[in-house]
Amino acid sequence: MAVELQERSGTFRQYALKRADELKQMILPFINNSPKVPTGFLLSDAYESRRGNILSYFNATLEDWENWHWQMAHRITEAHVLNALLPGLTMDQCEEIERVGKTYRWAVSPYYLSLMSDTDPLDPIRLQGLPTLPELAEDFGEDDPMGEGITSPAPCITRRYPDRLIINVTNMCAMYCRHCQRRRNIGENDTHSPRTQLKAALDYIRANPEIRDVLVTGGDALLLNDLTLDWLLGELHAIPHVEIKRLGTRAPVTLPMRITDELCSILAKYPPLYINTQFNHPKEVTKDAKKAADKLISAGVVLGNQAVLLKGINHEPEVMKKLNHELLKIRVRPYYIFHAKNVKGTRHFVPRIQDGLKVMDQLRGYTSGLAVPTYIINAPKGGGKTPILPQYLVSLDEQHAVLRTWEGKLVHYETP
Ligand SMILES: *Cc1c(COP(=O)(O)O)cnc(C)c1O
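Residues numbered from 1 in each chain as written. Predicted model: local features only at pLDDT ≥ 70, side-chain atom pairs only at ≥ 80, totals over all residues. Heavy atoms only, no water.

Visitor: Describe the side chain of N208, listing the residues and the values that go with them.
Guide: If you trace the backbone, N208 turns up in the loop between α9 (195-207) and β3 (213-217). Look at N208 and you get buried, because its relative accessible area is 18%. When neighbours within four sequence positions are excluded, N208 is seen to be in contact with R159 and H241. (Helix = DSSP H or I, 4+ residues; strand = E, 2+ residues; numbered from the N terminus. Buried < 20%, exposed > 50% of the residue type's maximum accessible area, 1.4 Å probe, protein only. Contact = heavy atoms within 4.5 Å.)

Encoded structure:
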C-alpha cells in the first residue's frame with residue numbers, strides 16, 4: 001500500500017515537473033523582452049542628470065524643485081525654452097510644437113520634462129506631453145464624445161450612474177496630456193470652479209441620498225489648494241450618505257511633489273478616501289512617484305490606476321504588463337484600462353479594439369490577477385463604462401458550458 005502511494009506521488013511529481021517546465025517556457029518571451037521596456041527606476045540616473053540641467057537653466061535649487069508651486073510657476077510652455085532644455089529637438093520639431101500649440105495649448109512641468117528623452121521623438125513621455133502635427137487632423141472625432149454637456153444635473157456635476165457622480169473642481173493640470181479627453185475645457189484660462197458652484201454641487205448631493213460615492217476630479221483635483229480641498233472633503237465627509245470619496249489626479253505622475261506632508265495630514269482626516277491616478281507607461285513609475293505613493297498610503301489613502309490605452313505608448317502587451325508590475329511594486333493597484341476616446345485631435349493615439357483585447361488576453365493567467373485591470377470602452381453620449389473581455393465563455397446552455405481557459409484550451413463544464 002505504502003509503496004503504491006509512493007509510486008503514485010512519484011508520477012504526480014513527474015507530471016507537475018513537466019507542467020512547471022511548460023509554464024516556464026511560456027513566460028520566457030516576456031522575460032527576454034522585458035529588459036527592453038524602460039522603467040522609471042532603471043532610468044533614475046538619467047532623470048537626475050536632466051533635473052540638474054533644468055535647475056541650472058532656471059537658476060534654481062533642489063528645494064525649489066521639491067516645491068510644487070515652483071513647478072507650476074515654471075511649467076514649460078514655449079518652444080525656445082524647450083529647445084534649451086531638450087537640445088536634441090530639431091528645428092522642425094520646435095516649429096511643429098509652436099504651430100500646433102497655437103491651436104491646442106501645451107504645458108509640461110519641469111518634473112515631467114525631466115522624464116523625457118532628448119533624442120527620441122517617439123518617447124512615450126514626449127508623446128504624452130509635446131504637441132505633434134497629427135493633432136491638427138480635422139476629420140476625426142468630437143469635442144465632447146462623452147456627452148458631458150448633457151449629463152450635468154447641477155453645477156460642476158456629471159451624473160451618469162445610479163449611486164455615484166463626479167464633481168469637476170478645476171480645469172487645471174500640471175501638464176496638458178496630448179490625449180486629453182477634456183481638451184475642450186483646457187482653454188487659455190486656468191480656473192477652479194467658483195465656491196458658489198461647489199456649494200450648489202454639495203447641495204445637490206445632500207438632496208439626493210442615493211449618492212454614496214463622490215468622485216472629485218477636473219482637470220486635476222490635487223491642483224486645488226490645501227484650504228479648498230480641506231473644506232470640500234470636510235463638507236463631503238459630513239454628509240452621512242456619502243460612504244466613500246474619491247479623487248482623480250495625475251499629480252503622482254506629473255507633479256509628485258504635490259504630495260506634501262500638509263496635504264497628507266488633510267487627506268488623513270477624511271477616510272475612506274480613494275485616489276485614482278493615471279500612469280500610462282513604466283517610465284513614469286519613478287522614485288519620486290513611489291515616494292508620493294508611500295506618503296498617500298501612510299495617510300490611509302487607497303491607490304488605483306486608470307491607464308488609457310494609447311497607440312504607440314502602451315498598446316503592446318509587454319509594455320502594459322510591465323506597467324502593471326511596476327505599479328504593484330509601488331502599491332498602486334491597476335483598476336481600469338480605458339480605450340482612448342474619439343476626441344478631436346487625438347486620432348493618432350486611438351488603438352484598435354483588437355489591440356486592447358490582445359493586451360487583456362496576455363495578462364489574464366500569465367500574470368497576477370492583481371495586475372489585471374478591467375478594460376473599458378466608454379459608450380458614446382454618456383452611455384457609460386462598458387467592460388470588454390476576450391471571449392472566455394464559448395457557449396452556454398442549461399446543462400453545460402464550454403470555456404476557453406487563459407492558455408486557450410477548450411473545456412466542457414457541467415452545470416447541475
Ligand atoms: C467613471 C465615472 C464614475 C466612476 O465609475 P466607476 O466605474 O465606479 O469607477 C462615476 N461617474 C461618472 C460620470 C464617470 O464617468
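Structure shown, so let's carry the discussion forward.
Visitor: Go over the UniProt feature "modified residue: N6-(pyridoxal phosphate)lysine" (unreviewed entry) in the chain with me, naming the residues and quoting the values.
Guide: What UniProt calls "modified residue: N6-(pyridoxal phosphate)lysine" (unreviewed entry) maps, in this numbering, to K385. Note on placement: K385 falls in strand β9 (residues 384-387). The residues contacting K385, other than those within four sequence positions of it, are Y161, Y336, F338, I376, I377 and N378. (UniProt positions renumbered as here; feature names shortened; annotations may be inferred.)

Visitor: Tell me about the packing of α9 against helix α10 (residues 226-237), and please be specific about residues and values.
Guide: Interhelical geometry of α9 versus α10 gives an angle of 15 degrees and a closest axis separation of 11 Å. On the basis of the axis angle, α9 is roughly parallel to α10. For the crossing formed where α9 meets α10, the hand is right-handed. Side by side, α9 and α10 meet where R195, L198, K199, L202, I205 and R206 of the first sit next to T228, W231, L232, E235 and L236 of the second. Considering only residue class, the contact of α9 with α10 consists of six nonpolar, one polar and four charged. (Axes fitted to C-alpha atoms, helices over the stretch in contact; angles between N-to-C directions. Parallel < 35°, antiparallel > 145°, perpendicular 65-115°, else oblique. Left-handed = near helix turned anticlockwise from the far one by under 90°. Nonpolar A, V, L, I, M, F, W, Y, C, P; charged D, E, K, R; others polar.)

Visitor: Go over the packing of aromatic side chains, please, and point to the residues and values.
Guide: Here the structure, examined in full by the defined rule, presents six aromatic pairs. Consider the rings of Y336 and F338, whose centres lie 5.2 Å apart with planes at 50 degrees: the pair is tilted. Given the relative accessible area of 15%, Y336 is considered buried. On the accessibility criterion, F338 (10% relative accessible area) is buried. Centroid distance Y366 to W406: 4.9 Å. Interplanar angle 90 degrees. Geometry classified as edge-to-face. Pair noted here: Y366 is in the loop between α15 (353-361) and β8 (374-379) and W406 is in the loop between β11 (400-404) and β12 (410-414), with a separation of 40 residues, a long-range link. Given a relative accessible area of 30%, Y366 falls into the partly exposed group. The structure contains a cluster of three or more aromatic residues connected by ring pairs, namely Y57, F58, W65 and W70. The lysine or arginine in question, R164, covers the ring of Y161, its NZ or CZ lying 4.1 Å from the ring centre. The cationic tip of K341 hangs over the ring face of F338; the distance from NZ or CZ to the ring centre is 5.5 Å. (Phe/Tyr/Trp six-rings, centres within 6.5 Å; stacked < 30°, edge-to-face > 60°. Lys NZ or Arg CZ within 6 Å of the ring centre and 35° of its normal.)

Visitor: Please give an account of the pattern of salt bridges that cites residues and values.
Guide: For the coordinates displayed, the defined rule picks out 25 salt bridges. A salt bridge links R212 to E243; the nearest nitrogen and oxygen atoms lie 3.0 Å apart. With R212 in the loop between α9 and β3 and E243 in the loop between α10 and β4 (244-248), the pair connects residues that are 31 residues apart, well separated along the chain. Judged by relative accessible area, which is 47%, E243 ranks as partly exposed. (Salt bridge = Lys/Arg side-chain N within 4 Å of Asp/Glu carboxyl O.)

Visitor: Account for the sheet that holds strand β1 (residues 157-158), with residues named and values stated.
Guide: The strand order across the open sheet built from nine strands is β1-β2-β3-β4-β5-β6-β7-β8-β9, with neighbouring strands paired in mixed fashion. A strand with exactly one partner marks an edge of an open sheet, and here the two such strands are β1 and β9. Two strands pair when backbone bridges link them, and strand β7 (residues 333-339) and β8 are joined in this way by three bridges, in the parallel orientation. Residue pairing for β8: I337 is matched across the bridge by Y375. Each of β1, β2 (164-168) and β3 touches α9; the most contacted strand, β2, lies at about 170 degrees to it. Against the sheet, α15 touches β6 (302-309), β7 and β8, its axis set at about 155 degrees to β8. (Pairing = 2+ DSSP bridges.)

Visitor: Residue-level account of a nonpolar patch on the surface, with values.
Guide: The grouping of L393, L396, L403, V411 and Y413 at the surface amounts to a nonpolar patch, some 440 Å² of accessible area in total. Mapped onto the elements of the fold, Y413 is located in strand β12. (Patch = residues over 30% accessible without salt bridge, like charges linked within 9 Å, V, L, I, M, F, W, Y side chains within 5 Å. Areas by Shrake-Rupley, 256 points an atom, 1.4 Å probe, with all protein chains shown as cover.)

Visitor: Can you explain the environment of I353? Please cite residues and give values.
Guide: In this structure, I353 sits in helix α15. What I353 contacts, discounting residues up to four positions off in sequence, is H339, Y375 and I377.

Visitor: How would you explain the site of the ligand if you had to name every residue and give the values?
Guide: Residues in contact with the ligand, as listed here, are T158, R160, Y161, R164, I166, L215, R246, Y335, Y336 and K385. In the environment of the ligand, an oxygen atom lies 3.0 Å from a nitrogen or oxygen atom belonging to the side chain of R160. In this structure, R164 approaches the ligand through a side-chain N or O atom, which is 2.7 Å from an oxygen atom. Taken by itself the ligand offers 390 Å² of open surface, and the protein chains cover 89% of this. Contributing elements (two or more residues each) for the shell around the ligand: β2 and β7. In the shell around the ligand, the residues fall into five nonpolar, one polar and four charged. (Near = heavy atom within 4 Å. Polar contact = N/O pair within 3.5 Å; in protein donor to acceptor, adjacent residues only side chain to side chain.)

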